[in-house]
Amino acid sequence: MARVRVNEIFHSIQGESTWAGSPCVFVRLTGCNLRCTWCDTEYAFYEGNQMEIAEVAAKVDSFNCGLVEITGGEPLLQQGVHPLIALLLARGHHVMIETSGERDISVIDARVTRIVDLKCPGSGESARNRWSNLEHLRPDDELKFVLSDRHDYEWARDAIRTHGLSERVKAVLLSPVFGKLEASDLAAWILADGLSVRMQLQMHKHIWSPTARGV
Ligand code: SF4
C-alpha cells in the first residue's frame, strides 16, 4: 500500500480559487523544495507522519465532504500522491491540487482540478518556474500569482499578456500577500490595466486569525 507523509488533514472553507467559499477537506502533505519569502505554511516543511493512503482516504471520508484539496508544502514531491488521488477519485471526491509550478503538472490525473502557481520575483523563487507547464494547461485549470508589491504585479501582468494566459485557463488568480500589499491598490491596478483576471483574498485569513493553522 502506498504511503504519503502528511502534515495535517482538516475540514474548512476553501479560501482561494474559483471554489472559494465551498466546504473542503484539505490534505496537507509534508515537504517543499522552494522557500518563498512570504510562505505561510513553513510548518509543513518538516512536520508530519507517514500514513497509508487508505488511512488518508478514510480520514477524508469522515468529514462527509465531496471536495478535497491536496496541498502542501509541495504535494508533487511525493510519489504516493498519485495513488492517493486515484483512491479519492474512486471514492467519488472532486479532487483539487495546488502546486508551486516547479514540478511537472502533466503527470497529474486529468480529472483533477489543478491550481498552478507562477512564482513572482518577490517570492525569491521565480527562477524555479517550470515554464513548460504552460504547454500542459487545460481549460479547467487555474493559474495563481501571489503578489507582494507593484513590481510583482507588473511581472504578472506582462506574463499574462505575453502568454495569453487568461484565454488558456478557467481563471487567472491574483492574490496579494496578506499584510504586505493593500488589496485596494491591487484592485486599482487591475482595473486601470483592464486585465481579465480574478482578484482573490485568502478568505480563511479573514474568517479566522491570519496565523491560525488547520483552517
Ligand atoms: S511553494 Fe508553497 S509551501 Fe513551498 S515555500 Fe512556496 S509558498 Fe511555501
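Starting from 1, residues in each chain are numbered consecutively following that chain's sequence as written. The predicted nature of this model means local features are confined to residues of pLDDT at least 70 and side-chain atom pairs, given and counted, to a pLDDT of 80 or more, with totals for whole chains, interfaces and linings taken over all residues. The side-chain values count all of the structure's non-hydrogen atoms but skip hydrogen atoms and water molecules.

## Regarding the pairing of strand E6 (residues 113-117)
Burial classes follow relative accessibility: with a 1.4 Å probe on protein chains only, a residue under 20% of its type's maximum area counts as buried, one over 50% as exposed, and anything between as partly exposed. Where helices and strands are cited, they refer to DSSP runs of H or I of at least four residues and of E of at least two residues respectively, numbered from the N terminus. Of all five residues in E6, five are buried; the element is thus mostly enclosed. Neither face of E6 is left uncovered, since the one carrying Thr113, Ile115 and Asp117 and the one carrying Arg114 and Val116 both have all their residues buried. Two strands are counted as paired when DSSP detects at least two bridges linking them. In the sheet, strand E5 (residues 94-99) pairs with E6 via four bridges, with the strands oriented parallel. Directly across from Met96, in E6, lies its bridge partner Thr113. Both E6 and strand E7 (residues 142-147) contribute to a ladder of three bridges, which runs parallel. Counterpart to Ile115 in the pairing with E7 is Glu142.

## Focus on the sheet that holds E6
Each strand in a sheet pairs with its neighbour through backbone hydrogen bonds, running either in the same direction (parallel) or in the opposite one (antiparallel). Ordered in space as E3-E1-E2-E4-E5-E6-E7-E8-E9, the nine strands form an open sheet in which the pairing is mixed. Looking at the sheet topology across the chains shown, the edges are occupied by strand E3 (49-52) and strand E9 (198-199). Its contacts with the sheet put helix H3 (residues 150-162) on E7 and strand E8 (171-176), and the angle it makes with E7 is roughly 155 degrees. Contact criterion: two residues are considered in contact whenever any of their non-hydrogen atoms come within 4.5 Å of each other. Between the N-to-C directions of two axes lies an angle of 0 to 180 degrees, each axis being a line fitted to C-alpha atoms and, for a helix, fitted only over the stretch in contact.

## Some points on the site of the ligand
Taken together, the residues surrounding the ligand are Cys32, Leu34, Arg35, Cys36, Trp38, Cys39, Thr41, Phe45, Gly73, Ser100 and Lys119. Here the residues of the shell around the ligand are counted per class, giving six nonpolar, three polar and two charged. Only a single heavy atom is needed: when it lies within 4 Å of a molecule or strand, its residue is near that molecule or strand. Residue classes follow a fixed rule: Ala, Val, Leu, Ile, Met, Phe, Trp, Tyr, Cys and Pro count as nonpolar, while Asp, Glu, Lys and Arg count as charged, and any other residue, Gly among them, counts as polar.

## A short note on the packing of helix H1 (residues 53-61) against helix H2 (residues 81-90)
The contact between H1 and H2 brings their axes to 10 Å, and the two run at 40 degrees. Our classification of the angle between H1 and H2 gives oblique. Where H1 crosses over H2, the handedness of that crossing is right-handed. For the pair H1 and H2, contact is made by Ile53, Ala54, Val56, Ala57 and Val60 and by Pro83, Leu84, Leu87 and Leu88, respectively. Residues that form the contact of H1 with H2 fall into these classes: nine nonpolar, no polar and no charged. Here the angle decides the label: under 35 degrees means roughly parallel, over 145 means roughly antiparallel, 65 to 115 means roughly perpendicular, and every other value means oblique. If you view the pair so one helix is near and one far, a crossing is left-handed when the near helix is turned anticlockwise from the far one by less than a right angle, and right-handed when it is turned clockwise.

## Focus: the environment of His93
Checked against the element boundaries, His93 lands in the loop between H2 and E5. His93 gets classed as buried once you look at its relative accessible area, which sits at 10%. Non-local contacts of His93, meaning those with residues more than four positions away in its chain, are made with Val60, Asp61, Cys65, Gly66, Val68 and Leu88. Polar contacts here mean pairs of N or O atoms no more than 3.5 Å apart (in protein, one a potential hydrogen donor and the other a potential acceptor; neighbouring residues in sequence count only if both atoms are side-chain atoms). For His93, the side chain forms a polar contact with the side chain of Asp61, separated by 2.8 Å.

## Here we look at unusual backbone geometry
That bond from Gly72 to Gly73 is cis: its omega, 5 degrees, falls within 30 degrees of zero. Looking at where Gly73 falls in the secondary structure, it is placed in the loop between strand E4 (67-71) and H2. Notably, Ser17 is not glycine yet its phi reads approximately 75 degrees, a positive angle. By secondary structure assignment, the location of Ser17 is in the loop between strand E1 (3-13) and strand E2 (23-29). We classify Ser17 as buried; its relative accessible area is 5%.

## A word on the nonpolar core
Note on terminology: a nonpolar core comprises buried Ala, Val, Leu, Ile, Met, Phe, Trp, Tyr and Cys residues joined through side-chain atoms within 4.5 Å. Counting residues in each nonpolar core, the largest one holds 46 residues, and the members touching the most others are Val56, Ile70, Ile85, Phe145, Leu147 and Leu174. Residue contributions to this core peak at five residues, all from H2. Contacts of Leu147, omitting those with residues within four sequence positions, involve Cys120, Asp152, Tyr153, Ala156, Leu174, Ser175, Pro176, Val177, Leu181 and Leu186. Core analysis: the next-biggest nonpolar cluster, separate from the first, contains eight residues, Cys24, Met96, Ile115 and Leu173 among them.

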